[in-house]
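Below are the chains, spelled out letter by letter.
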Amino acid sequence: MKHLLSAIVSLSLALTAGPALAAKCADEDVDGSRVAAARTQVQSQCVCDEATDHGAYVECASGVAKERSALESTDPNYLPKSCKGAVTKCAAKSTCGKPGFVTCCTPKSDGSVKCKTKKSAEKCTDKGGTVGTCSSCCDSCATGGPTGPSCPAPVTTTTIGIPPTVTLPDVGTLE
């Protein structure tokens, strides 16, 4: 319950701050690289596919954003404080920790597309939507060119086995 309450508070702060914070974040992270780097860390540290609770996932993402925004602005991992909400919002608008959920892209009358998470693909398509290809609405309905949306690449880790050093006793030389 604590995780859920914390996630709700974080999300409500991010959403109520609205366009003013988004504009400030864009001013401080012009190319979006700092938000993208923070979201990449969320992807590897919070692991969407392994999340069993959405609130805990959002809280984990919020923690990553908070840690990065506490760094010195000269640190390459620094995230401007005005961008913490952008990182948290993308986690909150995801299917992470929601088994069976999908992102759903629904066209609006003005030609834009709205994204929401739905309990199933059927719940999405029944309302005229298209199931998105990414776990977050921040990526799912965006156009990434002729190949479609650009989802963050899955994070993989590789373990390189290095044989241990073995010290043998000195037995002298054989003659």
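In this text, all values refer to a predicted model and were calculated from it rather than measured experimentally.

Undergrad: Please explain the sheet that holds strand β2 (residues 113-118) as it appears in this structure.
TA: Adjacent strands of a sheet form backbone hydrogen bonds with each other and so pair up, either parallel or antiparallel. Pairing is antiparallel in the open sheet, where three strands are placed in the order β2-β1-β3. The outermost strands of the open sheet, each flanked by one partner alone, are β2 and β3 (130-131). Relative to β2, strand β1 (residues 102-107) is paired through six bridges, and the arrangement is antiparallel. For Cys 105, the partnering residue across the bridge sits in β2 and is Cys 115.

Undergrad: What should I look at first to understand the nonpolar core in this one?
TA: Note that soluble globular proteins tend to have their nonpolar side chains buried in a common cluster. By size, the foremost hydrophobic cluster in this structure holds 18 residues, and its most contacted members are Val 35, Val 42, Tyr 57, Leu 79 and Val 87. Of all the secondary structure elements, the ones that give two or more residues to this core are α2 (33-46), α3 (54-69) and α4 (84-92).

Undergrad: Whenever I open this one, the pattern of salt bridges confuses me. Can you help?
TA: Any two side chains of opposite charge can pair, so long as their charged atoms come close to each other. Following the criterion strictly, the structure yields two salt bridges and no others. For Glu 28, the salt bridge goes to Lys 24, with nearest N and O atoms at 3.2 Å. In this pair, Glu 28 and Lys 24 both sit in helix α1 (residues 2-28), four residues apart, roughly one turn of the helix. Judged by its relative accessible area of 45%, Lys 24 is partly exposed.

Cut-offs and rules
- Every chain is numbered independently, its residues counted from 1 as its sequence is written.
- Two thresholds apply to this predicted model, a pLDDT of at least 70 for residue-level local features and 80 or more for giving and counting side-chain atom pairs, whereas whole-chain, interface and lining totals are computed over all residues.
- Computation of side-chain values covers all heavy atoms of the structure but excludes hydrogens and water.
- Two strands are counted as paired when DSSP detects at least two bridges linking them.
- Helical segments are the DSSP runs of H or I of at least four residues, strand segments are the runs of E of at least two, and each set is numbered from the N terminus.
- Remark: nonpolar core denotes a set of buried residues (Ala, Val, Leu, Ile, Met, Phe, Trp, Tyr, Cys) joined through side-chain atoms within 4.5 Å.
- Think of it in three bands: with a 1.4 Å probe and only protein chains considered, a residue is buried below 20% of the maximum accessible area for its type, exposed above 50%, and partly exposed in between.
- We define a salt bridge as a contact between a side-chain nitrogen of Lys or Arg and a carboxyl oxygen of Asp or Glu at a distance within 4 Å.

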